[in-house]
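As a plain string of letters, each chain reads:
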Amino acid sequence: MDVDRNGWASSRVEPLPVSSAYTLLASDPSARVDIALWAHKARMFFGVALEIEPPKAYPNGETPAADAAFVSVLRKGRRAATRVHVVTVPVEEAPEARRSAEAGAAAIGGAGMDVLVQRGRRVWQVSNEIAEGDDPDAPLTLAAILASILLAPIVPPGGGTIFGVKGARERLGLA
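Residues numbered from 1 in each chain as written. Predicted model: local features only at pLDDT ≥ 70, side-chain atom pairs only at ≥ 80, totals over all residues. Heavy atoms only, no water.

Here's the deal with the overall build of the chain
Right, so step 1: Secondary structure assignment for the chain yields 5 helices and 6 strands.
Right, so step 2: Across the chain, helices and strands are ordered from the amino to the carboxyl terminus as β-α-β-β-β-α-α-β-α-β-α.
Right, so step 3: Its C-alpha radius of gyration of 15 Å places the chain within 12% of the 16 Å reference for a compact globule of 175 residues.
Right, so step 4: Overall, the C-alpha framework of the chain stretches about 45 × 40 × 25 Å when taken along its three principal axes.
Right, so step 5: For the chain, with 175 residues in total, the buried portion stands at 51%. (Helix = DSSP H or I, 4+ residues; strand = E, 2+ residues; numbered from the N terminus. Rg over C-alpha atoms; globule rule 2.2 N^0.38 Å. Buried < 20%, exposed > 50% of the residue type's maximum accessible area, 1.4 Å probe, protein only.)

Printed below as a string of structure tokens:
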């Protein structure tokens, strides 16, 4: 992945197919990655160590319109971290993501998730395809961490439903 001096993706960032990513719709329109906050929340609430590459910088408070990174996820009991790809784009650039989230919310009767989806201004996606490592739960773990930080619902790969942090923790056996 080509990046500029701030660690931002320098080539066009495309949304991932919803069939192969955990998709989150966040109300915060910023593409800022606050890795210190992410790592703190991951450690405190999930017992997970996170690292990001490339490192990100935001001079003068500026953020990119879209961005991508690899995040290393090291869960308790694992010997090595697993790297997963994360992308973020404005919701207008990911109509498939919004449709999938709306369908997921409708499938569970709304349950308040429909309101969160409508407030979504930014799409964050965690690829379900592992870039490196062997922890099959690393993508869902990272999606759960992001959901807790971004206050965003999660649509699993392939859609069909939508859930929050609690649902993700249950799927991970952490409830």
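Observations regarding helix α1 (residues 35–46)
Right, so step 1: Looking at α1, one finds that the buried residues are Trp38, Ala39, Ala42 and Phe46. One side of α1 holds all its buried residues, which, seen down the axis, span an arc of 95 degrees. α1 presents Ala36, Arg43, Met44 and Phe45 as exposed residues on the side facing more than 90 degrees away from its buried surface. (Arc of directions from axis to C-beta.)

With respect to empty space enclosed by the protein
Right, so step 1: Under the counting rule described, the total for this entry stands at 1 cavity of 30 Å³ or more.
Right, so step 2: A volume near 50 Å³ is recorded for the largest cavity.
Right, so step 3: Of all elements in the fold, only β3 (67–75) and β4 (82–90) reach the threshold of two or more residues within the lining of the largest cavity.
Right, so step 4: Ranked by residues supplied to the lining of the largest cavity, first place goes to β3 with 4 residues.
Right, so step 5: Of the residues in the lining of the largest cavity, the class split is 9 nonpolar, 1 polar and 2 charged. (1 Å grid on protein atoms, 1.4 Å probe; cavity = no way out; pocket = protein on both sides within 12 Å on 5 of 7 lines; lining within 4 Å. Points joined across faces, edges and corners; volume = space filled by probe spheres on them. Nonpolar A, V, L, I, M, F, W, Y, C, P; charged D, E, K, R; others polar.)

Examining the side chain of Ser127
Right, so step 1: By the element assignment, Ser127 lies in strand β5 (residues 122–127).
Right, so step 2: Here Ser127 falls in the buried class, since its relative accessible area comes to 8%.
Right, so step 3: A polar contact of 3.1 Å, which involves the side chain of Ser127, links it to the backbone nitrogen of Glu129.
Right, so step 4: Contact partners of Ser127, with chain neighbours within four places excluded, come to Leu16, Ser20, Ala21, Val84, His85 and Pro139. (Polar contact = N/O pair within 3.5 Å; in protein donor to acceptor, adjacent residues only side chain to side chain. Contact = heavy atoms within 4.5 Å.)

A short note on the packing of α1 against helix α4 (residues 138–150)
Right, so step 1: It is the contact of α1 with α4, at a shortest axis distance of 10 Å, that shows an interaxial angle of 110 degrees. For the element pair α1 / α4, the angle class is roughly perpendicular. The hand of the α1/α4 crossing is right-handed. Where α1 abuts α4, its residues Leu37, Trp38, Lys41, Ala42 and Phe46 lie against Ala144, Ile145, Leu146, Ser148 and Ile149.
Right, so step 2: Looking at the contact of α1 with α4, its residues break down into 8 nonpolar, 1 polar and 1 charged. (Axes fitted to C-alpha atoms, helices over the stretch in contact; angles between N-to-C directions. Parallel < 35°, antiparallel > 145°, perpendicular 65-115°, else oblique. Left-handed = near helix turned anticlockwise from the far one by under 90°.)

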